[in-house]
Amino acid sequence: MPEANADIIMPDGAEKLFGAVSLDIIRLDGAEKHFGAVRALAGVDFSVRAGECVGLVGHNGAGKSTLMHMVAGTLAPDSGQIAVRGGVEASYSVPRAQQLGIRCVFQELSLCPNLSVAENTRINHASLHGFGWRRKAADLIAAKLDEIFPGHSISASDIVGDLSITSRQMVEVARAFTVTQEPLELVILDEPTSSLDAHTAGQLLAFVRRFIAAGKSCILISHVLGEVLGNADRIVVMRDGKVVAAGQADAFDRDSLVTAMGGAEAREKTAAEIASGKPEPGLLRVRARPARQQDGNELVARAGEIIGLAGLAGHGQTDLLLAIFAAASRAKTGIEVTAPVALVAGDRQSDGIFPQWSIAENIGIRSLARLRNGLLISPQREAELAELWQRKIGIRTPDMNNNIFSLSGGNQQKALFARALGSDAKIVLMDDPMRGVDIGTKLEVYDLVREEARHGRTFLWYTTETEELDNCDHIYVFKNGRIVANLRRDELTEEKIIQSSFGDAA
Amino acid sequence: MLRSLLPALSLALVLIAIAWLNPRAISYFGFSLMLNLAIPIALATIAQMFVIAGNELDLSIGTFVGFVGCVTATWLKDAPLLGVVILLGSIGVYALLGALIHLRNLPSIVVTLGMSFVWQGMAILILPKPGGKAPDWLLALMAFKPPFIPFPIIAALLIAAVVHFGLMRTSYGVILRGSGGNSAALKRAGWSLLRTKIALFALTGLFGVLSGMALIGITTSADANIGNGYTLLSIAGVILGGGEFVGGRVSPIGAVIGALTLALAASPLLTFMHIPPDWQVAANGAILIIVLAARVLISRRER
């Protein structure tokens, strides 16, 4: 059990107060990682001791996954060191981690769908070979499934691709706990219950507690805060690539965790002044109900409104935007769209840009009907449109006929905004378009979006950055493909969003 | 379940059509004749299946079979040692292609399309005009007449059994198929994807060599263009046999059945239907499209 002094919430370096080095299964000191210009981890100290379950929580992009990839050996830190059982590992890798008994169940499923359950078990155990390996692998995984999930209905000969997502996650978890030649000391569970129902999730967590009681260790990452609070011995909270709080689990409760994740300091709000000059909501533009919505919640957007779509990444926001986009050209049940639509893609390299084309051509593609002169596109009108938006949105280039790749990332994104705003679309869907864009560009685009909204355009804005929601009139929070909260701007706080996105109700 | 029976069903359908059109074809002699070319087609299909298992495609297998045929009909007969070295070397070239495709992250379609011209060019260099002669032992092997069951059927069973055991039952076969199913998972488990890709391409080379040799054992002499149709046939055979282009879902038994179906549908069936030879190639393509479309429809309904 950790020392008594651990129950204070402390900033960076809190781990240093914990027990003797030799007791640590793994210890990272000053781990840093950059992906291009993005700093994913900013000098994190992290350790796990024998017989301990560490809960790791944080919002999207807080750096949890990056940190866990380092522990599992799939990513090497740019700087900082990794020590296992007190010994510094110079070249830490996946095989080395396996040798040392460190396993990981990653968030995205890592089973081969074309193989059977037993064959997938074989992949993680190099020693399962030779005569009779199929029998051995089948017995191994079946025994572990029986132990963790008694009453399961999975056969070792089932092809994984034919199993339900729940069964697949059960196999994945059980596989991580199977033992052949290599030892088993620490298992990282990254969202292990995301696809499990309440019953199997309970079975798994009970097994984890037995595993810990047997002197083994575990790192539990979950967006269900109750799971972490109820099962971890110690909790580490990450935010913006740093550890912002750490302490014994019983020192935390839901509210203090949410506060730590969201940052307690008050953010200044740009919203108030804009709200004053707001015209009354206009005509209905979009009424949409997510495909998986079961209650009466639906998204409503009117002319002149900026609607925010919030919640954890990949919880159905993009799906709804794409459904609305599709509904604009072909009627779809549950979605009503009354005006032309344009989409600003978030992944501009794969979904937004035509790489071989000039900036002007990239802007004009959404407005070809207006640019036409007879059967041909009028270069003059295309140039006029491009120049208008170059001035309006401030695309920094000497010549709009240059290739789009001559622009910086932020300016490329501006060109995509110009494509949408320069079109006849009355509804603009934005799929987290500010990913990896510098702050200067962001502020310019925010101003433009607000101005366009004043002129009657409707914006549906999915964003993973809570600050951006301050620009919105209305915010819908998504969880598991459903709208779980519906906030007006004056009700908006980061805590509320996190509270809804991490809601324990499944 | 219908989906896994589909290859056998389509073979049965073709057999029933043949039996109905010409009952005398269903005999020891008839099968020996109709399935004459089934062995090289089955071997080429198995070769293609290995690259498809790793989510790649080999567009050079046809001209490679032709190249192997030319080597078999010349050097393997006149200078066996040199012939063997060349054939082993060509398998090595396949292994290197696998390494290149993996290391440089190149699209296999482009690389193998380029290689198809290399093999074709070399085949023409070796044998500018049709000719050469198969080694006597190869002729004797391919002319083997076992009692009761025609040789092509025995050979097909043998090929299917050996490859099924190697790819579907051994512990390394699992790794090879896993590399097509979820390569990231394999890498995380500590397996070398370079090695799996090299192994799959080398196996393709090996079965390509066997296919070329079997073909020359039947035709007795070679021609640089002799294998050109095999690229399409082999891909179609794999897909007809229940394989999929991506995802590591392949079936050696299905692939052999697919090859037999295509071998029967290709020429005997069309001849019995009194379709003139001029139209047989086009009819062949049409049959392929119909059969594959039916497969897609049935597997979609099952989902």
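These remarks concern the structure in this document. (Residues numbered from 1 in each chain as written. Chains lettered and ligands numbered in written order. Predicted model: local features only at pLDDT ≥ 70, side-chain atom pairs only at ≥ 80, totals over all residues. Heavy atoms only, no water.)

**Describing the interface of chain B and chain A**
Taken together, the contact pairs 20 residues of chain B with 24 residues of chain A. The contact between chain B and chain A buries some 1700 Å² in all, and 54% of this surface belongs to carbon and sulfur atoms. On the surface where chain B and chain A come into contact, there are 1 salt bridge. A salt bridge links E119 of chain A to R177 of chain B; its shortest N-O distance comes to 2.8 Å. The interface formed by chain B and chain A contains 10 residue pairs in polar contact (both at pLDDT 80 or more). It is helix α10 (residues 171–181) of chain B that provides the largest number of residues to the side of chain B that touches chain A, a total of 7 residues. (Contact = heavy atoms within 4.5 Å. Buried area = accessible area lost by both parts, 1.4 Å probe. Salt bridge = Lys/Arg side-chain N within 4 Å of Asp/Glu carboxyl O. Polar contact = N/O pair within 3.5 Å; in protein donor to acceptor, adjacent residues only side chain to side chain. Helix = DSSP H or I, 4+ residues; strand = E, 2+ residues; numbered from the N terminus.)

**Thoughts on a nonpolar patch on the surface**
A surface patch of nonpolar side chains, about 370 Å² in accessible area, is lined by W20, L21 and M273 of chain B. With respect to the helices and strands, L21 of chain B occurs in helix α1 (residues 2–21). (Patch = residues over 30% accessible without salt bridge, like charges linked within 9 Å, V, L, I, M, F, W, Y side chains within 5 Å. Areas by Shrake-Rupley, 256 points an atom, 1.4 Å probe, with all protein chains shown as cover.)

**What to know about the sheet that holds strand β6 (residues 102–105) of chain A**
Residue and element names in this part refer to chain A. Pairing within the open sheet is mixed, and its 6 strands lie in the order β6-β7-β8-β3-β9-β10. Each edge of the open sheet is held by one strand with a lone partner, namely β6 and β10 (242–248). Between one strand axis and the next, the sheet turns by 15° as a mean value, whatever way the strands run. Strand direction decides the pairing type here: strand β9 (residues 234–239) and β10, joined by 6 bridges, are antiparallel. Considered in β10, the bridge of R234 is made with Q248. (Pairing = 2+ DSSP bridges. Axes fitted to C-alpha atoms, helices over the stretch in contact; angles between N-to-C directions.)

**Details of helix α15 (residues 409–421) of chain A**
Residue and element names in this part refer to chain A. End to end, α15 covers 18 Å across 13 residues, agreeing with the expected 18 Å (1.5 Å per residue, within 8%). With 12 of 13 residues buried, α15 lies mostly within the body of the structure. Those residues of α15 lying buried are G410, N411, Q412, Q413, K414, A415, L416, F417, A418, R419, A420 and L421. (Expected span 1.5 Å × (residues − 1). Buried < 20%, exposed > 50% of the residue type's maximum accessible area, 1.4 Å probe, protein only.)

**Things to note about the nonpolar core**
Most often, soluble globular proteins have nonpolar side chains that are buried together. Within the largest apolar cluster, 86 residues are counted, with the highest numbers of intra-cluster contacts made by I18, I39, I46, M49, F50, F64 and F67 of chain B. Top contributing element to this core by residue count: helix α3 (residues 38–53) of chain B, with 13 residues. Counting 62 residues, the second-largest nonpolar core is a separate cluster that includes V105, L111, I123 and V187 of chain A. (Core = buried A, V, L, I, M, F, W, Y, C linked by side-chain atoms within 4.5 Å.)

**Things to note about the sheet that holds strand β19 (residues 458–462) of chain A**
All names here are of chain A. With mixed pairing, 6 strands are arranged side by side in an open sheet as β15-β18-β19-β13-β20-β21. Every interior strand has two partners, whereas the edge strands, β15 (341–344) and β21 (482–488), have only one. Averaged over all pairs of adjacent strands, the angle between strand axes in this sheet comes to 20°, irrespective of strand direction. In this structure, β15 lies alongside strand β18 (residues 427–431), joined through 4 bridges in parallel fashion. Bridged to V344 within β18 is M430. Of the strands in this sheet, β15, β18 and β19 touch α15, which is tilted by about 175° from β15.

**Considerations on the side chain of S234 of chain B**
Looking at where S234 of chain B falls in the secondary structure, it is placed in helix α13 (residues 230–240). If we skip the residues at most four places from it in the chain, S234 of chain B touches A44, T45, Q48 and I61 of chain B.

**A short note on the packing of aromatic side chains**
Using the criterion set out here, one finds 12 aromatic pairs over all chains in the structure. Ring centres 4.9 Å apart and planes at 85° place the aromatic pair F177 of chain A and F211 of chain A in the edge-to-face group. Taken as a pair, F177 of chain A in the loop between α5 (165–176) and β7 (186–190) and F211 of chain A in helix α6 (residues 198–213) lie far apart in primary sequence, 34 residues in all. Residue F177 of chain A is classed as buried on the basis of its relative accessible area of 1%. Here F211 of chain A falls in the buried class, since its relative accessible area comes to 9%. For the pair Y94 of chain B and W119 of chain B, a centre-to-centre distance of 6.2 Å together with 10° between the ring planes defines the contact as stacked. Linking Y94 of chain B in helix α6 (residues 80–103) with W119 of chain B in helix α7 (residues 108–126), this pair joins segments that are 25 residues apart in sequence. Accessibility expressed as a relative area gives 0% for Y94 of chain B, which makes it buried. By relative accessible area, W119 of chain B is classed as buried at 2%. An aromatic cluster is built from F64, F67, Y94 and W119 of chain B, whose rings are joined through pairwise contacts. (Phe/Tyr/Trp six-rings, centres within 6.5 Å; stacked < 30°, edge-to-face > 60°.)

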